[in-house]
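# Coordinates in review
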Amino acid sequence: MAGSIKAVRGTRDLLPPETETWNFVEAVVREVFRVYNFHEIRTPILEDLQLFQRSVGEETDIVSKEMFAWEDRARAQSEKGQWLALRPENTAGVVRAYIENKLWERPGLQRFYYIGPQFRRERPQKGRYRQFYQIGAEVIGPPTAGSESPAVDAEVLEMLATLLDRLGIQHWILELNSVGCAADRQRFNEALRAALKDVVHKMCADCQRRAVTNPLRVLDCKVPEDQPIIESLPKMNEFLDEGCRAHFEEVRKILTAVGVPFKINNRLVRGLDYYTRTAFEFTHGGLGAQNAILGGGRYDGLSESLGGPAAPGIGFAIGEDRLVMTLQETAGTAARSVDIYIAPLGTGMNVEAARLARELRRESVSVIVGDDSFRLKKSLETASKTGARYALIVGENEISSGQFALKNLGTGEQITVARNEIPSKVLPAK
Ligand code: HAM
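Report on the accompanying structure. (Residues numbered from 1 in each chain as written. Predicted model: local features only at pLDDT ≥ 70, side-chain atom pairs only at ≥ 80, totals over all residues. Heavy atoms only, no water.)

## Comments concerning the overall build of the protein
Scanning the protein from terminus to terminus reveals 15 helices and 16 strands. By its C-alpha atoms, the protein is 90 × 60 × 45 Å across when sized along the principal axes. Residue burial in the protein is summarised as follows: out of 430 residues, 50% are buried. Counting contacts in the protein only where the partners sit at least 6 residues apart, residues at least 24 apart contribute 69% of the total. Surface exposure of the protein reaches about 21,500 Å², of which carbon and sulfur atoms provide 51%. Placing the 56 positive and 57 negative side-chain charges of the protein at their respective mean positions leaves the two points 3 Å apart. (Helix = DSSP H or I, 4+ residues; strand = E, 2+ residues; numbered from the N terminus. Buried < 20%, exposed > 50% of the residue type's maximum accessible area, 1.4 Å probe, protein only. Contact = heavy atoms within 4.5 Å. Areas by Shrake-Rupley, 256 points an atom, 1.4 Å probe, with all protein chains shown as cover. Lys, Arg positive; Asp, Glu negative; His and termini not counted. Charge placed at Lys NZ, Arg CZ, Asp CG, Glu CD.)

Okay, structure coming up:
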């Protein structure tokens with residue numbers, strides 16, 4: 001036999017029954033998004049590489065080290081190929097779509113959500129994959145529609161708290177910071193540059209380069225030996241102007257009023273360049289080193305930096321892989337098992353079994369159909385192994401009388417029910 005082909009490093013198959021938890025999560029979040037008036041957007045997985053260079057930023061780890069990018073074959077010899085990338089995140093794609101489709105012409109704020117795969121060439125480990133999934137949302141719009149309001153930040157954060165609570169995730173921590181506006185960031189960068197001048201030679205090669213090109217990114221460094229120096233650097237909150245300070249205060253005031261707990265983390269700057277003002281992460285102790293379930297923040301200048309109109313925005317992305325992992329480790333959502341195993345009794349019962357299965361499925365009852373080659377005892381054993389909650393025996397007597405034996409495979413109790421009463425006996429009461 002030839003050598004078997006394996007899934008690409010950092011990618012994996014999501015299999016049943018785990019996919020039940022993924023579906024549970026997606027059903028809950030879609031319902032929460034509906035209640036908060038968010039609407040789905042689907043953008044391509046493949047984008048122009050420049051999109052990420054100009055938004056996430058060339059000096060970020062994501063763009064400088066982790067992109068799956070390549071030059072697409074040129075159509076003619078005289079032409080150059082276009083540089084394409086698998087999206088490492090979805091905010092840039094959503095803002096590109098906002099600009100390209102002139103969505104600012106639509107009234108009010110645009111409130112989008114997305115669920116889909118993202119790609120980063122990171123070193124795979126628990127909770128970190130090269131193909132991973134994000135559930136995200138973005139609120140974008142012209143300033144005249146109120147897109148800069150701190151009320152929007154607070155609403156997004158309150159929705160996230162609701163979402164995690166609804167999913168049954170406990171003990172999450174909301175870490176909050178303000179990274180200021182572009183001018184504040186520039187002053188902060190200058191202060192960092194000055195503070196780094198005498199110490200940067202002791203740091204790693206990446207930090208030495210970043211101290212010149214984009215000092216803020218020094219704060220993302222994970223090299224243990226560099227951490228004491230990073231700890232001693234100035235903090236972003238010392239550089240906020242009055243407007244940003246007041247904005248941040250209002251966000252905190254609303255959150256406190258609606259009862260969403262948070263922790264201020266002055267070191268939180270996020271690993272992407274487009275952020276302004278509010279920046280946040282939700283962490284969970286159960287996740288180990290990769291403890292951020294989600295991250296997000298404001299990006300008031302992103303649309304303009306991609307050639308669009310002024311369109312401040314705020315959003316977040318949840319790492320769905322990590323969310324599912326947390327649920328499995330803590331809440332342990334029980335995958336709903338199949339309602340009924342139909343056990344046809346005797347030859348010729350396949351037709352009746354198929355007919356009954358069709359009727360029941362139309363009533364939203366989930367059904368596995370056995371075949372008529374089984375004896376009753378063996379059939380019931382098979383039914384139990386499938387995890388079905390009930391076995392329904394379908395023999396000639398049952399068909400002619402319209403009365404069926406319904407056996408609860410958990411308790412062993414058996415009752416006789418009329419055909420039209422089967423759904424109400426097996427479905428959970430509404
Ligand atoms: P991010 O912090 O880069 O933000 O990613 C958000 C979340 O995606 C992380 O908190 C984590 O849960 C998950 N994640 C990231 N990388 C991986 C990986 N390799 N494997 C598994 N999970 C991962 C963004 O992507 C921004 N676009 C969020 C945003 C939306 N900001 C504003 N709007």
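## Here we look at the sheet that holds strand E9 (residues 276–284)
What links the strands of a sheet is backbone hydrogen bonding, and the strands pair in either a parallel or an antiparallel sense. Taken in spatial order, the eight strands make up an open sheet running E1-E5-E6-E11-E10-E9-E7-E8, and their pairing is mixed. Strands with a single pairing partner mark the edges of an open sheet, and in this sheet they are strand E1 (39–40) and strand E8 (263–264). Two elements, E9 and strand E10 (residues 292–298), share six bridges in a ladder whose sense is antiparallel. Bridge pairing links glutamate 281 to glycine 295 in E10. Across the face of the sheet, helix H1 (residues 18–35) comes into contact with E1, strand E5 (110–119), strand E6 (131–140) and strand E11 (313–319) while running at roughly 0° to E6. (Pairing = 2+ DSSP bridges. Axes fitted to C-alpha atoms, helices over the stretch in contact; angles between N-to-C directions.)

## Section: the state of the cysteines
Structurally, a disulfide amounts to a covalent bond that connects the sulfur atoms of two cysteines. Under the definition given, this model contains zero disulfides. The cysteine cysteine 181 is free of any disulfide, with cysteine 244 supplying the nearest cysteine sulfur at 3.5 Å. Just so you know, cysteine 221 is unpaired, no disulfide at all, and the nearest cysteine sulfur is the one on cysteine 207, 3.7 Å from it. (Disulfide = S-S within 2.5 Å.)

## Quick word on the pairing of strand E16 (residues 414–418)
Summarising the sheet, strand E15 (residues 403–408) and E16 pair through five bridges and their orientation is antiparallel. Residue leucine 406 lies in a different strand from E16, and its bridge partner there is isoleucine 415.

## Section: the site of the ligand
Taken together, 27 residues lie around the ligand, and Glu89, Glu122, Tyr129, Glu138 and Tyr275 are the ones closest in. Residue glutamine 134 places a side-chain N or O atom 3.0 Å away from an oxygen atom belonging to the ligand. At 3.4 Å, a backbone N or O of glycine 315 approaches a nitrogen atom of the ligand. Within the complex, the protein chains bury 95% of what would otherwise be the 660 Å² of accessible surface of the ligand. Put simply, the ligand lies in the largest pocket. (Near = heavy atom within 4 Å. Polar contact = N/O pair within 3.5 Å; in protein donor to acceptor, adjacent residues only side chain to side chain. 1 Å grid on protein atoms, 1.4 Å probe; cavity = no way out; pocket = protein on both sides within 12 Å on 5 of 7 lines; lining within 4 Å. Sits in = over half its atoms within 2 Å of the grid points.)

## Overview of the packing of H1 against helix H11 (residues 320–329)
Axis angle and axis distance: for two packed helices, these are the angle between their axes and the distance between the axes, and together they describe the pair. H11 packs onto H1 with a crossing angle of 110° between their chain directions and a minimal axis gap of 10 Å. The angle between H1 and H11 falls in the class roughly perpendicular. Contacts from Glu18, Thr21, Trp22, Phe24, Val25 and Glu26 of H1 reach H11 at Glu320, Asp321, Leu323, Val324, Leu327 and Gln328. Tallied by class, the residues present in the contact of H1 with H11 amount to six nonpolar, two polar and four charged. (Parallel < 35°, antiparallel > 145°, perpendicular 65-115°, else oblique. Nonpolar A, V, L, I, M, F, W, Y, C, P; charged D, E, K, R; others polar.)

In short, geometric facts, not functional conclusions.
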